[in-house]
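Summary of structural features
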Amino acid sequence: SGRAAIPPDASPIFKDLCEHAAKPMLEDGFKGTSKELTHLQLEYIMDEMRGFPDILADTDLPADKLAKFHVAICGAGVHGISVAMRCQRAGIPYTILERDTDLSGTWHQNIYPGVRCDTPSITYSFSSDPNPNWKYYFAYGHEVKEYIKRLCDKYGITKNCVTGATVESATFDES
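As a starting point, this report considers the structure included with it.

Cut-off values and rules
- Residues numbered from 1 in each chain as written.
- Predicted model: local features only at pLDDT ≥ 70, side-chain atom pairs only at ≥ 80, totals over all residues.
- Heavy atoms only, no water.
- Core = buried A, V, L, I, M, F, W, Y, C linked by side-chain atoms within 4.5 Å.
- Buried < 20%, exposed > 50% of the residue type's maximum accessible area, 1.4 Å probe, protein only.
- Helix = DSSP H or I, 4+ residues; strand = E, 2+ residues; numbered from the N terminus.
- Contact = heavy atoms within 4.5 Å.
- Phe/Tyr/Trp six-rings, centres within 6.5 Å; stacked < 30°, edge-to-face > 60°.
- Lys NZ or Arg CZ within 6 Å of the ring centre and 35° of its normal.

Core analysis: the biggest nonpolar cluster contains 25 residues, and Ile81, Tyr94, Ile96, Val144, Ile148 and Ile157 have the highest contact counts within it. Broken down by secondary-structure element, the contributors of at least two residues to this core are strand 1 (71-74), helix 4 (78-90), strand 2 (94-98) and helix 6 (141-154). For tyrosine 94, the contacting residues outside a window of four places in its chain are His70, Val71, Ile73, Ala84, Cys87, Gln88, Gly156, Ile157 and Asn160.

This next bit is on the side chain of histidine 108. Among the structural elements, histidine 108 can be located in helix 5 (residues 106-109). Assessed through its relative accessible area of 17%, histidine 108 is described here as buried.

Quick look at the packing of aromatic side chains now. Applying the stated criterion across every chain yields a total of three aromatic pairs. Taking the centre distance of 4.9 Å and the plane angle of 85° together, the rings of tyrosine 137 and phenylalanine 138 count as edge-to-face. Assessed through its relative accessible area of 57%, tyrosine 137 is described here as exposed. Overall, phenylalanine 138 belongs to the partly exposed group, its relative accessible area being 35%. Between arginine 89 and the ring centre of tyrosine 155, over which it is positioned, the NZ or CZ distance is 6.0 Å. Above the face of the tyrosine 136 ring, arginine 116 is positioned so that its terminal group lies 5.4 Å from the ring centre.

Take it as geometry only, folks, not as evidence of what the structure does.
Below you can see the structure in the form of structure tokens.
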């Protein structure tokens, strides 16, 4: 904006930030999320960072059976869209079932004034399609949603999404 930055010690939360700096976070509310990542979880994250390896190379399914395989993805948030992109690259048919009225999960649901990322915007860029046009280091929600929707339209993911679909149960069919 061209305005001078406010000195940190003028911030109403500066004293609290200094007081809590370098101290461990309280476990309240984080007990279920403070476990270390499993090897499988880490590999999933690393696959995205590497730009998705050829997952067909990791399967023993013949191509004719693979084409008959259909994946149901529950939720059209960032992770559901990531799974859809992986399926699409592998030639696996899929359908996203989204209970809300539009794609982008959190970024569609949370529209309160000032909603924005609490992590750097770049972490919401897919490695295959990085967004070089983030306006802010911590992007506003509408900007993240626009980027996600642009990707979904570009890759045809939008047409494979059924909105207003509530999944009440699921059964895995081994065959």
